Amino acid sequence: MFSSIITGAVYGMESHLVRAEVDLSSGLPCFIMVGSLGREVKESGERVRIALKNTGISLPPMHISVNLSPADLKKVGTGYDLPIAVGVLTAMEKLPRGCTEGMLILGELGLNGEIKGIKGVLPVALNAVRAGITRCLVPEENAREAAVAEGMEAVGVSSLSQVIDYLRLSRKEQNRYLPPGKVDVDALLREGREKEGERRPDFGEITGQESLKRAALIAAAGFHHLLIMGPPGSGKTMLAKRLPTILPALTKEESLEVSALYSIAGRLGAGECLVTSRPFLSPHHTVSPQAFSGGGQIPRPGIVSLAHRGILFLDEMPEFKRQTLDLLRQPLESKEIQIARSNGCVTYPADVMLVGALNPCPCGYYPDRNRCRCTPFERHNYLSHISGPILDRMDLCIEAQRPDLFRVERGQGETSAKMRRKVEQARRKQEERYRGTKIRFNSDLESGELDEYCALGEKEREILEKLFQKMDLSMRACHRLLKVARTIADLEGSERILSGHLAEAAVYRMGDKLEQ
Amino acid sequence: MDERQYRFWLHQLPGVGDRTADRLLAAFGSPKAVCLAKDELKKVLGEKAVERIMDFNKNFDAQRAYEQMLKRKISFYTREDEDYPERLRKLSYPPYGLYCLGKLPKDSHPAAAIIGARECSEYGRYVAKAFGGELAKAGVAVISGMARGIDGLGQQAALKQGGETYAVLGCGADICYPASNKALYQEIVDGGGGILSVFPPGTPPAKRQFPERNRIVAGLSDLVLVVEARQKSGTLITVDMALEQGKNVYAVPGRLTDRLSDGCNLLIRQGAGIALTPGDLLAELELLGNRKAIGTAKAPQAAGSEETAETEADLSRENLSQRDNSAEKKASFLKGGMILEFLDSYPKSADELLAKIRAAGISLELPELLSGLIGLCMEGKAAQAGGSCFFRCGEPELFAERQKNQYNDKKKGKGEEGL
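Quantities reported herein were computed from a predicted structural model and do not represent experimental measurements.

**Q** Tell me what's going on with the overall build of chain A, and back it up with residues and numbers.
**A** Counting its secondary structure elements, chain A contains 23 helices and 18 strands. Within chain A, buried positions represent 55% of all 516 residues. Across chain A, the fraction of contacts at a sequence separation of at least 24, relative to all contacts at a separation of at least 6, is 74%. Charge separation in chain A, taken as the distance between the mean sites of 70 positive and 66 negative side-chain charges, equals 2 Å.

Written out as C-alpha cells, the structure reads:
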C-alpha cells in the first residue's frame, strides 16, 4: 500500500526532482504530510481530499502519510496537489501499479477536481529531461511550456477524472486519448524574430540625430552599457524605447534561460511558452530596492533578473534612490545577483544591458547658458546621485541634443531593420571570434583577455597611449574604450582595430569627466 | 610697537571701517595717538563703540598678530606707505589698509581687469583665455577677482604666458576662495603676481565684502574688460564702480541670443568700447602708438552666425569644386584638417557639423567625422564639450585667425556689391 510519484520543486534558479511518497496503513484515520513543507503545501491535503471526494472517490478510513522527499528541501508552490492525489489513488490501488513510472506529474487541484496552472514548469521539465524522464502530466495551460524542453512528451490535463481515465489506459491508448503536445522551439524563435521586424516603434522615425543612433548601434552590437545625457525633449527616452528593435535575436540557449526565469516569476503570459525577444524593462524611479534586486522571504527574481539578456532602462537615473542604484554594482560586474534571506540564499542571473538616461543638471538644460543657471555645485550634487562605480561601468556615454526644428532633415532616417542587419553582422563576427569560450559579446571581455582579442598594431598603440594621456583616462576607462573600439571594428567588418575606431570610441568616454 | 604695528592695530579694530579710521586719524593725528588715547576716544566715537574697542584690546596682541602675519609672508600697506598703489590713492575713498601676499602691482606698468560671469560659456572661456594671454604677453598686468569662470581663466592665461596677475579677494588674503582655484592661488603666490585684500587675514568670505573687492579690482586697473555678463550681474556692479572712477570699460560682443552676452552687448550700446582684439585694449593703454593693422570690420561671428557659417561652407565648396572625384575630395578634406573650418568657438554638435559638411558637398560619414574631431582634440586645436559637442580652441589662435579672415571679408564684400 505504498506509492511514489515523481514531481519537481524550484528553488531560486535551481530545480530539483521530488518524490511524493504516499503510504496507507491501518491506524487512526488521518492525513499527515511531512517533508519541510511551506504553508501552501501543508494546505494541499485538504484540497486533495475534497477534490477526490468531488470526483467520486472517498478516502478510506486509514492512516494516510505523505512524504515529499528529499525531506530537507524546502517545498513551496501549489504544484504538489496532483502528484499527491495520484499517489493516494495508486496506494489505494484505484490506479494500476506502475502506471506512473518514469512520469513527472505537476499541478494544482481545485475543490471540484479541476487542474489549474502553476509557476515554474519549464525549469522543472528541463531538469527532468536531464534526469532521463521523458513524459509528464501537467496542467493544460502549462502543457506547451513543458513541451519546450526537448525530449519531453508533455500531456496537458484539465481535471482529476481525466487523469484517472488516462492513467488507467495502456500506453498506446493513452497517446490516442490525450496526444502529447509538441512545440518546435526553432520555429517559435524564427517566428518571434519575424514578428520583431514589425515591432513598433522604429528607428526610422528619428531623423537628424545621427550621433545618437550611431551610439545606439554600437551599444546594441556589443551589448555595451549606454548612458544618454541630455535636456528634456532631446529624444533620450525615444532612443531607448527603440533599442530593443535592433538588438541581436535571442539564441536558443538564451531563450530557454530567459523563459525559465519568467516561468519561475510567473511572468509567462497565458498560452505563451517561450520568450522569443529580449526583455526590455523600464522600472519607474520609485521602485523599491527589493523589487529591483529581487527578494521576499523566499527570494523571487527582481527587475534586474527579469531584464536578463535584455535591456534594463533607467529613465531619469538620478531620481532613483542611490541605494537602489548601488544594488546594480555587483550584478553589473558578475552578471548575476545573489539574494540571501533567512530562508536561504539564491542566485539569479542578471546579465543586463544597462541603459541610463539623465538630465545634465537639476533644471535639465545645461550647457545651454540661456536657460540653465545651475551652479557647478548644484550640478555636481545632482549627478552625484549616481555613484562613481556605476558611472565607471558605462561603456558608452552620449549627449543628446535638442533637435533644431528647422534643421531636422525631413523624411526617413536609417530604419531599425537596416541597423539590425549591421548588428547581426557584428554579432556573427563576435560569435566566430569567441567560439568555444564563455564570451558572447565584446562587453563580456575581461581585462586579461583584451590582449588576446583586442590586439593593437604599433601605430594604434601609440594613438591609444596619446588618448590615454590627453584625456586623462583611468586604466579601467581605457579598457572600456578598447572594448568599444573592438565593437566599432566589428561593425565595420574589420579584423583589426584601426586608429579611426579608437578615435571614435574615445568620443564616448565623456562619462569619465562626469565624476569630477 | 612701531608705527606700522599701530596702523595694523587700527585696521583690526571692530566696527572701525575706513571712514571711522579717517575720523579718528583726523582727531588724533596718528594711529599711535589713537591707541594711547583713552577717554578722549569717546568724544569722537560713541560710548558703545569705545567699549567694544576696549574689550577687543584686552584679548588682542597687535604685535604678535602682526609678526604672525609677516611670518605668513603677508605684508600690510596703508595710505601712509610709499608703496601704497598710486591708483588706489586716486580713488575718492582709498582703502586705509591693503594686505598683500606676493607682490603689489607696479604703478609704472599698465594694468587691465578681466572680469565676467562665473558660470560662463565655452565661448567666454575661450575669449577670456585669449585676451588674458595676449595682454600678459604685451606686459599688461591682469587684475581680477580670482573667481570661478572668466576671472580665474583670464588670470590663468596671463600666468601661462609668463605675465603678472593680481587677484583681489573678498576675504582674507590667506584664504583661497573659491577653493577650486587653489592651483591658481598657489601659482600667483609663487611669483606670478600677488593676492590682495582689504580685509584682515582670516576674514572669511561674506557677501557684503564683495562690492568692496570689486571696487578695488576696478581701482587697481587702467581699464576694465567685460568678457561675459548677464543683464543683472555682479560684473556690472564692478563696471559701475569703474565708470565712477573714470576708467574705460571694454566689452566683448556676443550673440543676441546668448543671455550670457546680454550684459556686454548692453554695455556696448551704452557706449563701452568694443573689444575685438587685444590690440584695441593695448592701444587704449597707450602701449602702442596707434591701432595695430588688424582686421576689425567683422564682428566675431556675432548675431549672424548662421550667415558666416554659410559663407564658410560656400568657401569650402569653392575650394573643393575643382576636384571631381568625391572620394578624393573626402580624403583631401580629412587630410587637410578642414573639419576645423567648420568648427566654431561656440560648441556645435556632431550632427550639426555633419549636416553642414554634407551641405558643402562632401559625403562624410559620422564615424569619419568623429575620429577626425578626436584627432583635432589630440592636437589641441579643438575640444569636446559634454558628450557630442565640439568647439575650436587653442588659445592665441583667435587673433591670428582674424587676420586670415580679412581675406574672407573681401570675398564677402564682393558678393554684397553684386546685390
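**Q** Give me the lowdown on the overall build of chain B, citing residues and values where you can.
**A** Tallying secondary structure elements over chain B gives 20 helices and twelve strands in all. Across the 419 residues that make up chain B, the buried fraction comes to 55%. Relative to all contacts within chain B whose residues are 6 or more apart in sequence, the contacts with residues 24 or more apart total 69%. Counting only carbon and sulfur atoms, one obtains 49% of the accessible surface of chain B, whose full area is about 19,000 Å².

**Q** How would you summarise the pairing of strand β6 (residues 193-197) of chain B if you had to cite specific residues and measurements?
**A** Residues and elements named next belong to chain B. The element β6 is largely enclosed, with a buried count of five among its five residues. Relative to β6, strand β2 (residues 97-102) is paired through four bridges, and the arrangement is antiparallel. Considered in β6, the bridge of G102 is made with G194. By the bridge criterion, four bridges tie strand β5 (residues 165-168) to β6 in an arrangement that is parallel. Bridge assignment links A167 to a residue of β6, and that residue is I195. The handedness of the β5 to β6 crossover, carried by helix α10 (residues 182-192), is right-handed.

**Q** Mind laying out the packing of helix α22 (residues 499-507) of chain A against helix α19 (residues 366-379) of chain B, listing which residues take part and the relevant values?
**A** Following both chains from N to C, one finds α22(A) and α19(B) inclined at 80°, their axes separated by 8 Å at the closest point. By the criterion of interaxial angle, the relationship of α22(A) to α19(B) is roughly perpendicular. Residues G500(A), A503(A), E504(A), A506(A) and V507(A) of α22(A) touch α19(B), and the partners they reach there are P367(B), L370(B), S371(B) and I374(B). Class assignment for the residues of the contact of α22(A) with α19(B) results in six nonpolar, two polar and one charged.

**Q** Talk me through the state of the cysteines; I want residue IDs and the actual numbers.
**A** For the coordinates displayed, the defined rule picks out zero disulfides over all chains. Looking at the unpaired C176(B), the closest cysteine sulfur is the one in C171(B), lying at 8.1 Å.

**Q** Requested: an account of the confidence of the model for chain B, with residues and values cited.
**A** Residue and element names in this part refer to chain B. Model confidence for chain B is summarised by a mean pLDDT of 82, while 83% of its residues fall at 70 or above. By mean pLDDT, helix α15 (residues 305-321) is the weakest element of chain B at 42, and β5 is the strongest at 96. Confidence drops under a pLDDT of 50 for residues 413-419, and excluding neighbours within four residues, the segment shows zero contacts in the predicted structure. Among the prediction metrics, the complex's ipTM stands at 0.79, with pTM recorded as 0.81.

**Q** Provide a residue-level description of the domain arrangement of chain A, including the pertinent values.
**A** Residue and element names in this part refer to chain A. Examined at the domain level, chain A breaks down into domain 1 (2-183), domain 2 (190-433) and domain 3 (445-516). Each of domain 2 and domain 3 has a C-alpha centre, and the two are 22 Å apart. Counting residues at the interface gives 28 residues for domain 2, matched by 22 residues for domain 3. Both faces considered, domain 2 and domain 3 share a buried interface measuring about 2,400 Å² in area, 56% of it formed by carbon and sulfur atoms. Scanning the region where domain 2 abuts domain 3 turns up six salt bridges. For E492, the salt bridge is made with R214, and the minimal N-O distance between the two is 3.2 Å.

**Q** For the pattern of salt bridges, give the residues involved together with the corresponding values.
**A** All names here are of chain A. Inspection of every chain in the model, using the stated rule, returns 46 salt bridges over all chains. Its salt-bridge partner being R242, residue E205 comes within 2.6 Å of it at the nearest N-O pair. Of this pair, E205 sits in the loop between α8 (185-197) and α9 (210-222) while R242 sits in helix α10 (residues 236-242), and the two are 37 residues apart along the sequence. On the accessibility criterion, E205 (41% relative accessible area) is partly exposed. On the basis of relative accessibility, which here comes to 8%, the residue R242 falls in the buried class.

**Q** Now, about the interface of chain A and chain B: what can you tell me, with residues and values included?
**A** In this complex, chain A contributes 30 residues to the contact, which on the side of chain B involves 31 residues. For R358(B), the salt bridge is made with E210(A), and the minimal N-O distance between the two is 2.9 Å. Counting only elements with at least two residues in the side of chain A that touches chain B, the list comes to α9, α16 (376-383), β18 (396-399), α20 (458-470) and α22 of chain A. Ranked by residue count, the leading element in the side of chain A that touches chain B is α22(A), at five residues. Within the side of chain A that touches chain B, the residues separate by chemical class into eleven nonpolar, seven polar and twelve charged.

**Q** Give me the nonpolar core: which residues, what numbers.
**A** Of all hydrophobic cores here, the largest spans 80 residues; its most connected members are L226(A), L243(A), V355(A), L502(A) and Y508(A). No other element matches helix α21 (residues 475-492) of chain A, which puts nine residues into this core. With residues near it in sequence (within four places) discarded, Y508(A) still touches R214(A), A215(A), I218(A), D395(A), L396(A), C397(A), I398(A), V484(A) and L370(B). Listed in part, the 42 residues of the second largest apolar core include Y80(A), L89(A), M92(A) and L178(A).

**Q** Explain the sheet that holds strand β8 (residues 248-251) of chain B residue by residue, including any values.
**A** Residue and element names in this part refer to chain B. Spatially, nine strands are ordered β1-β2-β6-β5-β4-β3-β7-β8-β9 in an open sheet, and the strand pairing comes out mixed. Bordering the open sheet on either side are β1 (74-78) and β9 (273-274), each of which pairs with just one other strand. Judged from the three bridges that link them, strand β4 (residues 141-144) and β5 form a sheet pairing that is parallel. What sits directly across from V142, in β5, is T165. Contacting β1 and β2, helix α1 (residues 3-12) crosses the sheet at an angle of about 85° to β1.

**Q** Describe the sheet that holds strand β12 (residues 389-392) of chain B, with residues and values.
**A** Residue and element names in this part refer to chain B. With antiparallel pairing, three strands are arranged side by side in an open sheet as β10-β12-β11. Taken across any chain shown, the strands that pair with only one partner, and hence form the sheet edges, are β10 (348-349) and β11 (382-385). Judged from the four bridges that link them, β11 and β12 form a sheet pairing that is antiparallel. Bridge pairing links A385 to C389 in β12.

**Q** Tell me what's going on with the domain arrangement of chain B, and back it up with residues and numbers.
**A** Per the domain assignment, the segments making up chain B are domain 1 (1-66), domain 2 (111-284) and domain 3 (305-418). When each unit is reduced to the centre of its C-alpha atoms, the spacing between domain 1 of chain B and domain 2 of chain B is 34 Å.

**Q** Which residues make up the packing of aromatic side chains, and what are the values?
**A** On inspection of all chains with the given rule, the structure shows eleven aromatic pairs over all chains. Relative to Y453(A), the ring of Y434(A) lies with its centre 4.9 Å away and its plane at 80°, an arrangement referred to as edge-to-face. Of this pair, Y434(A) sits in the loop between α18 (416-433) and α19 (450-453) while Y453(A) is found in helix α19, placing the two residues 19 residues apart along the sequence. The same class applies to Y434(A) and to Y453(A), which are both buried. Ring geometry for F56(B) against F60(B): centres 4.7 Å apart, planes inclined by 25°, an arrangement best described as stacked. By relative accessible area, F56(B) is classed as partly exposed at 21%. Residue placement shows R371(A) over the ring face of Y365(A); its charged tip is 4.0 Å from the ring centre. Here the basic side chain of R19(B) rests over the ring of Y93(B), its NZ or CZ set 3.9 Å away from the ring centre.

**Q** Describe in detail α20(A), supporting the description with residues and values.
**A** Its 13 residues place the ends of α20(A) 19 Å apart at the C-alpha level, agreeing with the 18 Å of an ideal helix rising 1.5 Å per residue. E460(A), L464(A) and L467(A) are the residues of α20(A) that are buried. The buried residues of α20(A) occupy an angular sector of 60° when the element is viewed end-on, so they sit on one face. Residues of α20(A) that are exposed and angled more than 90 degrees away from the buried face: E458(A), K459(A), E462(A), K466(A) and Q469(A). Contacts made by the buried residues of α20(A) are with α21 and α22 of chain A together with α19 of chain B.

Rules and cut-offs
Residues numbered from 1 in each chain as written. Chains lettered and ligands numbered in written order. Predicted model: local features only at pLDDT ≥ 70, side-chain atom pairs only at ≥ 80, totals over all residues. Heavy atoms only, no water. Helix = DSSP H or I, 4+ residues; strand = E, 2+ residues; numbered from the N terminus. Buried < 20%, exposed > 50% of the residue type's maximum accessible area, 1.4 Å probe, protein only. Contact = heavy atoms within 4.5 Å. Lys, Arg positive; Asp, Glu negative; His and termini not counted. Charge placed at Lys NZ, Arg CZ, Asp CG, Glu CD. Areas by Shrake-Rupley, 256 points an atom, 1.4 Å probe, with all protein chains shown as cover. Pairing = 2+ DSSP bridges. Right-handed = clockwise from strand over helix to strand, strands pointing away. Axes fitted to C-alpha atoms, helices over the stretch in contact; angles between N-to-C directions. Parallel < 35°, antiparallel > 145°, perpendicular 65-115°, else oblique. Nonpolar A, V, L, I, M, F, W, Y, C, P; charged D, E, K, R; others polar. Disulfide = S-S within 2.5 Å. pLDDT = per-residue confidence, 0-100. Domains from an automatic or database assignment. Buried area = accessible area lost by both parts, 1.4 Å probe. Salt bridge = Lys/Arg side-chain N within 4 Å of Asp/Glu carboxyl O. Core = buried A, V, L, I, M, F, W, Y, C linked by side-chain atoms within 4.5 Å. Phe/Tyr/Trp six-rings, centres within 6.5 Å; stacked < 30°, edge-to-face > 60°. Lys NZ or Arg CZ within 6 Å of the ring centre and 35° of its normal. Expected span 1.5 Å × (residues − 1). Arc of directions from axis to C-beta.

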